[in-house]
Amino acid sequence: MRRLSLTLPAILLAAPAAAADLNVTVQIPQLNVAEYHRPYTAVWVEREDHSVAAQLAVWYAQKESKEGAGTKWLPELRQWWRRGGRDLQMPVDGVSGATRPAGDQKLSFHDGKAPLGPLAPGKYELVVEAAREVGGREVVRVPFTWPATAPQQLAAQGSSELGAVKVDLAP
Amino acid sequence: MMKHSMKWGVLALALALPFGAQAHKMWLVPSATNVSGADPWVTVDAAVSNDLFYPDHMPVALDRVVVTAPDGHAAQPENALTGKYRSVFDVHLTQPGTYKIAAVNGGLFASYEADGQKKRWRGEPAELAKAIPANAKNVEVSESINRVETFVTNGKPSDGALKAEGKGLELAPVTRVTDLASGEAATFQLLLDGKPASNLKVMAIAGETRYRNAQDEIDVTTDKDGKFSITWPHAGMYWVSASTQDDKSSIKQAKVRRLSYAATLEVLPQ
């Protein structure tokens, strides 16, 4: 007991020193189509073996319905669904939310804090998948190494359902 | 009743023939293989046809349809109807996990000579003794067991509905049956009476055959453990089938037993 009370503050003190930030900007393009619906979008971090290291965001229709809001259509985010979406019980605190309008959607995550959690050093991919009702589907991947040793800006460009996906790493 | 048994006879004959480019194919096609939400349903088409998956020949008899829920218990198909070319029914997925939807056909086929004429008969084992006259000559009886399946998963896949019944040809998943993606290899195991069915030809054909000039079938052979792998060239609904015959009929008069298995599997894009 004494030992625990001694080490616990040490851990708490050590945590901020190791904190690293992961800032993500997801551009949802303005589309000139007859029938526009905001895309269902998932953002997650994959390890090299494609297993999910962290579920960061899932945006879907929140309107109440007999079918359980928009959860009926979550399997349309096909890769996300296979890679772990189907293991989640929606809604997930700090992860799930309403669909977002066109524009730059900014997200901020901190090492050790939910939903990113402690991310072991290594190679990862930030994955963004968007699927739109009566529209298309697109997946954009941004590879990164964690933790960054210096501030780093990475980006990948979507071509249809997603615009630029930017990842800013802060050591 | 007359109409029903006649239809069944045509079907039994269609399925007893070796599978080839011309053979009729029996299939079940669900409207989705991965569903979620608070109250998911799928609708299923069930038919026998030449082209995959266009109902152009005859419907599947609904009394042959068995839906197994993830907990292993039978679930009731709902809103069922049989039309000229297809049967349709809904499945209400009230449990999380993988559902198995099957149509199981079986019965006896007999040919004999009586009063100088060649005759044929199809029916259930219990009717056999009465159906064939005492003065019949050259009696030949064969048994058939045909299983056609598809699968739907509500949320996370599970194995509870996929236990083999141990009779005829059946599929056991290695790769999860509702978790198939284009460009990826999927592995399954084929069982014969619950044991690995080795060295058996398995054929996969993608749907939409109407819109191409060849069946483009993918042929593989099961290994000594009954396992086979298919790498899906593109997304779509695939019809995977195998057939064989042996002399292990449980019906004493039947010298030949014909067995077939077919599954409709959905492959999704990456």
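Reading the values: the criteria
- Residues numbered from 1 in each chain as written.
- Chains lettered and ligands numbered in written order.
- Predicted model: local features only at pLDDT ≥ 70, side-chain atom pairs only at ≥ 80, totals over all residues.
- Heavy atoms only, no water.
- Helix = DSSP H or I, 4+ residues; strand = E, 2+ residues; numbered from the N terminus.
- Buried < 20%, exposed > 50% of the residue type's maximum accessible area, 1.4 Å probe, protein only.
- Contact = heavy atoms within 4.5 Å.
- pLDDT = per-residue confidence, 0-100.

A. Seen up close, the overall build of chain A. Within chain A one finds 2 helices and 9 strands. Ordering the α and β elements of chain A from the N terminus gives α-β-β-β-α-β-β-β-β-β-β. Across the 171 residues that make up chain A, the buried fraction comes to 41%. Partitioning the intrachain contacts of chain A with sequence separation of at least 6 by distance along the chain shows that 62% fall at a separation of at least 24.

B. Structural view of the confidence of the model for chain B. Residue and element names in this part refer to chain B. The predicted model of chain B averages 91 in pLDDT, with 91% of residues at 70 or higher. Under a pLDDT of 50 for its full length, residues 1-6 has, in the predicted model, 2 contacts with residues more than four places off or in other chains. Scored below 50 in pLDDT, residues 14-22 shows 14 contacts in the model against residues more than four places distant or in partner chains. The complex model carries a pTM of 0.87, and its ipTM stands at 0.81.

C. Seen up close, unusual backbone geometry. A114(A) connects to P115(A) through a cis peptide bond whose omega is 0°. Turning to its location among the elements, P115(A) is positioned in the loop between β5 (103-110) and β6 (122-131). Here W146(A) and P147(A) are connected by a cis peptide whose omega angle stands at -5°. Summarising the element assignment, P147(A) is placed in the loop between β7 (137-146) and β8 (152-157). Of note in this structure, N79(B) is not a glycine but carries a positive phi near 55°. Checked against the element boundaries, N79(B) lands in strand β7 (residues 78-82). Look at D193(B): it is not a glycine, yet its phi comes out positive at around 55°. By secondary structure assignment, the location of D193(B) is in the loop between β14 (185-192) and β15 (195-196). In this structure D193(B) comes out as partly exposed when scored by relative accessible area, which is 25%.

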